[in-house]
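Analysis of the macromolecular model
Spelled out from the first residue to the last, the chains are:
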Amino acid sequence: MNFNKGYSLLQKISVPILFIFSSFNVVAQDGLTEFLRAGQSDANKLTNAYLEPIFDGLSYGFNGGWITSAKVHKKFGFDIGITATGVFIPSSQNYFSPSSLGLEQTVLISPVSGQAPTIVGPGDDTTYEVNDGNNTTFEGPEGLDFEEIFKISGVLTPMIQFGIGTVKGTDLKIRFMPKVSAGSTEVQLWGVGLMHDFKQWIPGLKMAPIDLSVLVAYNRISGAANMSGSFGDGGDSRPQELDFGISAWLFQAQVSKKLSVLTVYGGVGYNLVDTKTNMKGSYEISQGQILTDPISLSYRNNGFRLNAGLRILLGVFYIYGDYTLQEYNTVTAGFGFSVK
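Note that this is a predicted model, so its numbers are computed, not measured.

Analysis parameters
- Residues numbered from 1 in each chain as written.
- Predicted model: local features only at pLDDT ≥ 70, side-chain atom pairs only at ≥ 80, totals over all residues.
- Heavy atoms only, no water.
- 1 Å grid on protein atoms, 1.4 Å probe; cavity = no way out; pocket = protein on both sides within 12 Å on 5 of 7 lines; lining within 4 Å.
- Points joined across faces, edges and corners; volume = space filled by probe spheres on them.
- Nonpolar A, V, L, I, M, F, W, Y, C, P; charged D, E, K, R; others polar.
- Patch = residues over 30% accessible without salt bridge, like charges linked within 9 Å, V, L, I, M, F, W, Y side chains within 5 Å.
- Areas by Shrake-Rupley, 256 points an atom, 1.4 Å probe, with all protein chains shown as cover.
- Salt bridge = Lys/Arg side-chain N within 4 Å of Asp/Glu carboxyl O.
- Helix = DSSP H or I, 4+ residues; strand = E, 2+ residues; numbered from the N terminus.
- Buried < 20%, exposed > 50% of the residue type's maximum accessible area, 1.4 Å probe, protein only.
- Pairing = 2+ DSSP bridges.
- Axes fitted to C-alpha atoms, helices over the stretch in contact; angles between N-to-C directions.
- Lys, Arg positive; Asp, Glu negative; His and termini not counted.
- Charge placed at Lys NZ, Arg CZ, Asp CG, Glu CD.
- Polar contact = N/O pair within 3.5 Å; in protein donor to acceptor, adjacent residues only side chain to side chain.
- Core = buried A, V, L, I, M, F, W, Y, C linked by side-chain atoms within 4.5 Å.

1. Focus: the layout of surface pockets
When its volume is computed, the largest pocket comes out at roughly 210 Å³. Ala70, Lys71, Val72, His73, Lys74, Lys75, Thr166, Gly169, Asp197, Lys199, Asp211 and Leu212 together form the lining of the largest pocket. Class assignment of the residues belonging to the lining of the largest pocket gives a composition of three nonpolar, three polar and six charged.

Right under this line is the structure:
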(Lines give C-alpha, C1' and ligand atoms only; values in the text may rest on other atoms or scores of the structure.)
Protein backbone atom coordinates (compact mmCIF):
# COMPACT_ATOMS: atom_id res chain seq x y z
CA MET A 1 0.00 0.00 0.00
CA ASN A 2 1.48 3.39 -1.05
CA PHE A 3 0.83 5.67 1.91
CA ASN A 4 2.29 8.72 0.18
CA LYS A 5 -0.56 8.39 -2.29
CA GLY A 6 -2.93 7.57 0.56
CA TYR A 7 -1.90 10.68 2.48
CA SER A 8 -2.36 12.77 -0.65
CA LEU A 9 -5.81 11.25 -1.14
CA LEU A 10 -6.73 12.08 2.46
CA GLN A 11 -5.74 15.70 1.93
CA LYS A 12 -7.92 15.82 -1.17
CA ILE A 13 -10.98 14.39 0.57
CA SER A 14 -10.35 16.84 3.41
CA VAL A 15 -11.44 19.61 1.04
CA PRO A 16 -15.10 19.58 2.23
CA ILE A 17 -13.92 20.11 5.82
CA LEU A 18 -11.70 22.94 4.71
CA PHE A 19 -14.55 24.39 2.66
CA ILE A 20 -16.77 24.48 5.72
CA PHE A 21 -14.35 26.30 7.97
CA SER A 22 -12.82 28.57 5.36
CA SER A 23 -16.37 29.57 4.52
CA PHE A 24 -16.58 31.18 7.94
CA ASN A 25 -14.41 33.87 6.37
CA VAL A 26 -17.02 34.34 3.66
CA VAL A 27 -20.06 34.37 5.91
CA ALA A 28 -18.20 36.73 8.26
CA GLN A 29 -17.93 39.29 5.49
CA ASP A 30 -21.46 38.56 4.26
CA GLY A 31 -23.26 38.64 7.58
CA LEU A 32 -22.15 36.42 10.47
CA THR A 33 -20.47 39.27 12.34
CA GLU A 34 -23.47 41.44 11.43
CA PHE A 35 -25.29 39.56 14.20
CA LEU A 36 -23.22 41.68 16.59
CA ARG A 37 -25.43 44.65 15.69
CA ALA A 38 -28.19 42.87 17.61
CA GLY A 39 -26.29 43.33 20.88
CA GLN A 40 -24.25 40.74 22.71
CA SER A 41 -27.14 38.71 24.16
CA ASP A 42 -29.16 38.45 20.94
CA ALA A 43 -26.00 37.95 18.86
CA ASN A 44 -25.10 34.86 20.89
CA LYS A 45 -28.55 33.36 20.39
CA LEU A 46 -28.62 34.07 16.65
CA THR A 47 -25.06 32.82 16.06
CA ASN A 48 -25.80 29.67 18.08
CA ALA A 49 -28.86 28.85 15.98
CA TYR A 50 -27.05 29.61 12.72
CA LEU A 51 -23.98 27.46 13.41
CA GLU A 52 -25.50 24.59 15.43
CA PRO A 53 -26.22 22.15 12.54
CA ILE A 54 -22.64 22.13 11.26
CA PHE A 55 -21.07 21.54 14.66
CA ASP A 56 -23.63 18.84 15.44
CA GLY A 57 -22.86 17.15 12.12
CA LEU A 58 -19.11 17.28 12.63
CA SER A 59 -19.37 15.90 16.15
CA TYR A 60 -21.18 12.78 14.91
CA GLY A 61 -18.86 12.37 11.94
CA PHE A 62 -15.65 12.31 13.93
CA ASN A 63 -16.94 9.45 16.09
CA GLY A 64 -17.23 7.22 13.02
CA GLY A 65 -14.80 4.67 11.62
CA TRP A 66 -13.20 3.44 14.84
CA ILE A 67 -13.74 -0.28 14.13
CA THR A 68 -13.77 -2.69 11.20
CA SER A 69 -14.05 -5.79 13.41
CA ALA A 70 -14.62 -6.67 17.05
CA LYS A 71 -11.51 -8.85 16.98
CA VAL A 72 -8.43 -7.37 18.63
CA HIS A 73 -4.88 -7.84 17.37
CA LYS A 74 -2.37 -10.24 18.80
CA LYS A 75 0.42 -8.51 20.69
CA PHE A 76 2.22 -6.12 18.29
CA GLY A 77 -0.15 -6.92 15.46
CA PHE A 78 -1.26 -3.71 13.78
CA ASP A 79 -3.37 -2.02 11.14
CA ILE A 80 -3.13 1.27 9.25
CA GLY A 81 -6.01 2.68 7.29
CA ILE A 82 -7.68 5.71 5.77
CA THR A 83 -11.30 6.26 6.63
CA ALA A 84 -13.96 8.83 5.81
CA THR A 85 -17.37 9.31 7.40
CA GLY A 86 -20.20 11.12 5.66
CA VAL A 87 -22.78 12.76 7.91
CA PHE A 88 -26.36 13.28 6.75
CA ILE A 89 -27.72 16.54 8.16
CA PRO A 90 -31.55 16.46 8.30
CA SER A 91 -33.30 18.96 6.05
CA SER A 92 -35.13 20.18 9.15
CA GLN A 93 -31.82 21.84 10.11
CA ASN A 94 -31.76 24.08 7.02
CA TYR A 95 -33.70 26.83 8.81
CA PHE A 96 -34.25 28.25 12.27
CA SER A 97 -36.95 30.52 13.68
CA PRO A 98 -35.52 33.68 15.29
CA SER A 99 -38.84 34.36 17.04
CA SER A 100 -38.41 31.17 19.08
CA LEU A 101 -34.98 32.13 20.44
CA GLY A 102 -36.20 34.54 23.13
CA LEU A 103 -34.47 37.54 21.55
CA GLU A 104 -34.55 40.70 23.66
CA GLN A 105 -34.61 43.43 21.00
CA THR A 106 -34.20 41.85 17.58
CA VAL A 107 -36.83 40.70 15.10
CA LEU A 108 -36.63 39.12 11.66
CA ILE A 109 -38.53 41.37 9.26
CA SER A 110 -37.68 39.55 6.02
CA PRO A 111 -38.55 37.00 4.74
CA VAL A 112 -42.14 37.07 5.90
CA SER A 113 -42.03 33.30 6.52
CA GLY A 114 -40.15 34.05 9.74
CA GLN A 115 -37.53 31.40 8.89
CA ALA A 116 -33.82 32.20 8.51
CA PRO A 117 -31.27 29.84 6.92
CA THR A 118 -28.69 28.07 9.04
CA ILE A 119 -25.11 27.71 7.76
CA VAL A 120 -26.08 24.50 5.90
CA GLY A 121 -29.29 25.99 4.50
CA PRO A 122 -29.97 27.83 1.24
CA GLY A 123 -28.60 31.24 0.30
CA ASP A 124 -31.72 33.18 1.32
CA ASP A 125 -31.50 36.90 2.14
CA THR A 126 -32.57 37.94 5.63
CA THR A 127 -33.16 41.34 7.22
CA TYR A 128 -33.33 42.01 10.96
CA GLU A 129 -34.44 45.07 12.89
CA VAL A 130 -33.05 46.01 16.30
CA ASN A 131 -35.45 47.89 18.58
CA ASP A 132 -32.68 49.91 20.22
CA GLY A 133 -34.22 53.35 19.83
CA ASN A 134 -32.56 53.81 16.44
CA ASN A 135 -34.45 51.06 14.60
CA THR A 136 -31.18 49.66 13.30
CA THR A 137 -31.52 47.14 10.48
CA PHE A 138 -28.93 44.69 9.19
CA GLU A 139 -28.61 41.79 6.77
CA GLY A 140 -28.06 38.37 8.31
CA PRO A 141 -25.76 35.68 6.85
CA GLU A 142 -26.93 33.48 4.02
CA GLY A 143 -26.66 29.71 4.18
CA LEU A 144 -23.88 27.92 2.30
CA ASP A 145 -26.48 25.75 0.51
CA PHE A 146 -24.90 22.35 1.15
CA GLU A 147 -27.56 20.53 -0.85
CA GLU A 148 -26.67 22.54 -3.94
CA ILE A 149 -22.88 22.29 -3.50
CA PHE A 150 -22.56 18.67 -2.32
CA LYS A 151 -25.88 17.40 -3.80
CA ILE A 152 -26.76 16.28 -0.27
CA SER A 153 -26.90 18.11 3.03
CA GLY A 154 -23.95 16.72 4.92
CA VAL A 155 -20.26 16.85 5.75
CA LEU A 156 -17.34 14.50 5.14
CA THR A 157 -14.85 13.75 7.94
CA PRO A 158 -11.67 11.96 6.75
CA MET A 159 -8.73 10.70 8.82
CA ILE A 160 -5.82 8.27 9.11
CA GLN A 161 -6.01 5.61 11.84
CA PHE A 162 -3.40 3.29 13.33
CA GLY A 163 -4.09 0.38 15.69
CA ILE A 164 -1.70 -1.93 17.52
CA GLY A 165 -2.17 -4.93 19.81
CA THR A 166 -0.79 -4.46 23.30
CA VAL A 167 -1.40 -6.67 26.36
CA LYS A 168 -4.39 -8.55 27.81
CA GLY A 169 -6.31 -8.51 24.52
CA THR A 170 -6.25 -4.72 24.19
CA ASP A 171 -5.71 -2.61 21.06
CA LEU A 172 -4.43 0.94 21.17
CA LYS A 173 -5.87 3.11 18.39
CA ILE A 174 -4.53 6.47 17.27
CA ARG A 175 -6.05 8.67 14.57
CA PHE A 176 -5.44 12.06 13.03
CA MET A 177 -6.37 14.29 10.12
CA PRO A 178 -3.65 16.24 8.33
CA LYS A 179 -3.82 19.94 9.16
CA VAL A 180 -5.70 21.62 6.35
CA SER A 181 -5.66 25.36 5.82
CA ALA A 182 -6.80 28.11 3.50
CA GLY A 183 -5.52 31.56 4.21
CA SER A 184 -5.78 32.07 7.95
CA THR A 185 -8.23 29.20 8.49
CA GLU A 186 -6.82 25.97 9.91
CA VAL A 187 -8.37 22.72 11.10
CA GLN A 188 -6.71 19.74 12.77
CA LEU A 189 -7.84 16.52 14.46
CA TRP A 190 -6.39 13.79 16.65
CA GLY A 191 -7.89 10.91 18.61
CA VAL A 192 -7.03 7.94 20.77
CA GLY A 193 -8.96 4.81 21.71
CA LEU A 194 -8.71 1.49 23.55
CA MET A 195 -10.52 -1.66 22.38
CA HIS A 196 -10.58 -4.65 24.74
CA ASP A 197 -11.62 -8.26 24.16
CA PHE A 198 -14.05 -9.00 26.99
CA LYS A 199 -15.09 -12.44 25.69
CA GLN A 200 -11.92 -13.87 27.22
CA TRP A 201 -13.23 -13.14 30.72
CA ILE A 202 -16.59 -14.91 30.30
CA PRO A 203 -16.25 -18.71 30.53
CA GLY A 204 -19.50 -19.39 28.71
CA LEU A 205 -18.47 -17.25 25.74
CA LYS A 206 -14.77 -17.93 25.53
CA MET A 207 -15.13 -20.64 22.86
CA ALA A 208 -18.00 -19.00 20.94
CA PRO A 209 -17.24 -18.54 17.20
CA ILE A 210 -17.70 -14.77 17.40
CA ASP A 211 -15.61 -11.86 18.62
CA LEU A 212 -16.81 -9.46 21.33
CA SER A 213 -15.09 -6.31 22.50
CA VAL A 214 -15.66 -2.91 24.05
CA LEU A 215 -14.27 0.42 22.87
CA VAL A 216 -13.58 3.70 24.64
CA ALA A 217 -12.41 6.44 22.27
CA TYR A 218 -11.77 10.18 22.30
CA ASN A 219 -11.49 12.68 19.43
CA ARG A 220 -10.46 16.32 19.48
CA ILE A 221 -10.86 18.71 16.54
CA SER A 222 -9.87 22.35 16.80
CA GLY A 223 -9.25 25.32 14.59
CA ALA A 224 -9.83 28.99 13.96
CA ALA A 225 -11.42 31.08 11.23
CA ASN A 226 -10.73 34.70 10.36
CA MET A 227 -13.56 37.07 11.35
CA SER A 228 -11.98 40.35 10.25
CA GLY A 229 -13.42 42.59 7.59
CA SER A 230 -16.80 43.83 8.78
CA PHE A 231 -15.82 45.93 11.80
CA GLY A 232 -12.76 47.77 13.06
CA ASP A 233 -10.90 46.37 16.04
CA GLY A 234 -11.20 49.43 18.25
CA GLY A 235 -7.44 49.50 18.73
CA ASP A 236 -7.26 45.91 20.03
CA SER A 237 -4.16 44.20 18.63
CA ARG A 238 -5.61 40.70 19.02
CA PRO A 239 -6.93 39.01 15.86
CA GLN A 240 -10.64 38.92 15.16
CA GLU A 241 -11.33 35.20 14.84
CA LEU A 242 -13.74 32.39 15.58
CA ASP A 243 -12.10 29.62 17.62
CA PHE A 244 -13.76 26.23 17.88
CA GLY A 245 -13.07 22.95 19.62
CA ILE A 246 -15.00 19.66 19.53
CA SER A 247 -14.35 16.95 22.12
CA ALA A 248 -16.08 13.66 21.29
CA TRP A 249 -16.20 10.52 23.46
CA LEU A 250 -17.51 7.18 22.25
CA PHE A 251 -18.37 4.20 24.46
CA GLN A 252 -19.32 1.13 22.45
CA ALA A 253 -19.70 -2.64 22.60
CA GLN A 254 -19.31 -4.55 19.34
CA VAL A 255 -19.59 -8.05 17.91
CA SER A 256 -18.23 -9.54 14.69
CA LYS A 257 -18.16 -12.80 12.80
CA LYS A 258 -15.52 -13.75 10.21
CA LEU A 259 -16.71 -15.75 7.22
CA SER A 260 -13.72 -16.54 5.01
CA VAL A 261 -12.57 -13.15 3.63
CA LEU A 262 -15.73 -11.40 4.84
CA THR A 263 -16.25 -10.01 8.34
CA VAL A 264 -19.69 -8.87 9.47
CA TYR A 265 -19.67 -6.52 12.43
CA GLY A 266 -21.97 -4.30 14.45
CA GLY A 267 -22.11 -2.36 17.66
CA VAL A 268 -24.20 -0.34 20.06
CA GLY A 269 -22.70 2.69 21.71
CA TYR A 270 -23.14 6.11 23.24
CA ASN A 271 -21.86 9.45 21.95
CA LEU A 272 -20.82 12.16 24.39
CA VAL A 273 -19.81 15.35 22.57
CA ASP A 274 -18.98 18.87 23.74
CA THR A 275 -18.39 21.77 21.36
CA LYS A 276 -17.16 25.21 22.35
CA THR A 277 -17.05 28.16 19.96
CA ASN A 278 -15.80 31.65 20.79
CA MET A 279 -15.60 34.81 18.71
CA LYS A 280 -12.51 36.58 19.99
CA GLY A 281 -11.16 40.08 19.56
CA SER A 282 -12.81 43.48 19.67
CA TYR A 283 -15.44 44.72 17.22
CA GLU A 284 -16.34 48.40 16.84
CA ILE A 285 -20.03 48.11 16.01
CA SER A 286 -20.56 51.88 15.91
CA GLN A 287 -18.85 55.01 17.16
CA GLY A 288 -18.16 54.40 20.84
CA GLN A 289 -19.69 50.93 20.87
CA ILE A 290 -17.08 48.17 21.05
CA LEU A 291 -17.84 44.53 21.84
CA THR A 292 -14.92 42.47 23.14
CA ASP A 293 -14.92 38.66 22.90
CA PRO A 294 -18.63 38.95 22.10
CA ILE A 295 -19.64 35.35 21.30
CA SER A 296 -19.28 32.31 23.54
CA LEU A 297 -21.24 29.21 22.56
CA SER A 298 -21.45 25.69 23.91
CA TYR A 299 -23.17 22.67 22.38
CA ARG A 300 -23.64 19.22 23.88
CA ASN A 301 -24.78 16.15 21.94
CA ASN A 302 -25.38 12.95 23.85
CA GLY A 303 -27.14 9.91 22.47
CA PHE A 304 -27.11 6.25 21.56
CA ARG A 305 -25.84 4.90 18.26
CA LEU A 306 -26.29 1.59 16.43
CA ASN A 307 -24.06 0.57 13.56
CA ALA A 308 -23.43 -2.38 11.25
CA GLY A 309 -20.90 -3.01 8.53
CA LEU A 310 -18.86 -5.35 6.33
CA ARG A 311 -15.13 -5.76 5.86
CA ILE A 312 -13.41 -7.66 3.05
CA LEU A 313 -9.89 -8.87 3.79
CA LEU A 314 -7.68 -9.80 0.83
CA GLY A 315 -4.38 -10.99 2.25
CA VAL A 316 -3.24 -8.14 4.47
CA PHE A 317 -5.34 -5.53 2.66
CA TYR A 318 -8.91 -4.63 3.54
CA ILE A 319 -11.79 -2.44 2.47
CA TYR A 320 -14.85 -1.81 4.59
CA GLY A 321 -18.04 0.16 4.98
CA ASP A 322 -20.70 0.63 7.63
CA TYR A 323 -23.82 2.62 8.45
CA THR A 324 -24.68 4.18 11.80
CA LEU A 325 -28.11 5.10 13.11
CA GLN A 326 -28.06 8.08 15.48
CA GLU A 327 -29.47 11.62 15.58
CA TYR A 328 -27.44 12.46 12.46
CA ASN A 329 -26.99 9.19 10.55
CA THR A 330 -23.58 8.46 9.04
CA VAL A 331 -21.99 6.22 6.43
CA THR A 332 -18.31 5.26 6.72
CA ALA A 333 -15.91 3.69 4.21
CA GLY A 334 -12.19 3.05 4.22
CA PHE A 335 -9.25 0.88 3.22
CA GLY A 336 -5.89 -0.15 4.63
CA PHE A 337 -3.86 -3.15 5.68
CA SER A 338 -3.79 -5.29 8.79
CA VAL A 339 -1.16 -7.63 10.22
CA LYS A 340 -2.41 -9.82 13.04
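Now, onward.
2. Some details on a nonpolar patch on the surface
Judged by side-chain polarity, Phe88, Val268, Leu306, Tyr323, Leu325 and Val331 come together as a nonpolar surface patch covering roughly 500 Å² of accessible area. Structurally, the position occupied by phenylalanine 88 is in strand 1 (residues 78-88). You can call phenylalanine 88 partly exposed: its relative accessible area is 31%.

3. A look at the sheet that holds strand 6 (residues 136-139)
With respect to topology, three strands assemble into an open sheet ordered 3-5-6, the strand pairing being antiparallel. Of all strands in the sheet, those with a lone pairing partner are strand 3 (106-110) and strand 6, marking the two edges. Looking at each pair of strands side by side, their axes are set apart by 30 degrees on average, direction ignored. When strand 3 meets strand 5 (residues 127-130), the two strands line up antiparallel, connected through four bridges. The residue of strand 5 that forms the bridge with threonine 106 is valine 130.

4. What about a positive patch on the surface?
Side chains of Lys71, Lys74, Lys258 and Lys340 sit close together on the surface and give a patch of like positive charge. Following the sequence through the fold, lysine 258 ends up in strand 11 (residues 241-259).

5. Observations concerning the pairing of strand 6
With four bridges joining them, strand 5 and strand 6 adopt antiparallel strand pairing. From the neighbouring strand, glutamate 129 faces strand 6, where its bridge partner is threonine 137. Connecting strand 5 to the next strand, strand 6, in antiparallel fashion are five residues, including glycine 133 with a positive phi near 95 degrees.

6. A look at the side chain of asparagine 219
Within the secondary structure, asparagine 219 is located in strand 10 (residues 211-226). Among the polar contacts listed, one links the side chain of asparagine 219 to the backbone oxygen of phenylalanine 62, at a separation of 2.3 Å. In this structure the side chain of asparagine 219 is engaged in a polar contact, spanning 3.4 Å, whose partner is the side chain of arginine 175.

7. Comments concerning the pattern of salt bridges
By the definition in use, this model includes five salt bridges. Across the pair arginine 238 and aspartate 236 runs a salt bridge whose closest N-O atoms are separated by 3.0 Å. The exposure class of arginine 238 is partly exposed, given its relative accessible area of 33%. Its salt-bridge partner being arginine 238, residue aspartate 293 comes within 3.1 Å of it at the nearest N-O pair. On the criterion of sequence distance, the pair formed by aspartate 293 in the loop between strand 14 (289-292) and strand 15 (295-314) and arginine 238 in the loop between strand 10 and strand 11 is long-range, its members being 55 residues apart. A relative accessible area of 35% places aspartate 293 in the partly exposed class. Connected through salt bridges with shared partners, the residues Asp236, Arg238 and Asp293 form a single ionic network.

8. What to know about the pairing of strand 13 (residues 282-286)
The pairing of strand 13 with strand 14 spans four bridges and is antiparallel. Among the inter-strand pairings, tyrosine 283 is bridged to a residue of strand 14, identified as leucine 291. Counting the residues that bridge the hairpin from strand 13 to strand 14 gives two residues, and of these glycine 288 lies at a positive phi of roughly 85 degrees.

9. Considering the nonpolar core
Membership of the largest hydrophobic core comes to 47 residues, with the highest contact counts inside it found for Phe35, Leu36, Leu51 and Tyr128. A per-element tally of this core places helix 3 (residues 40-61) first, with nine residues. Within the second largest apolar cluster, 11 residues are counted, among which are Ile67, Val72, Met195 and Leu313.

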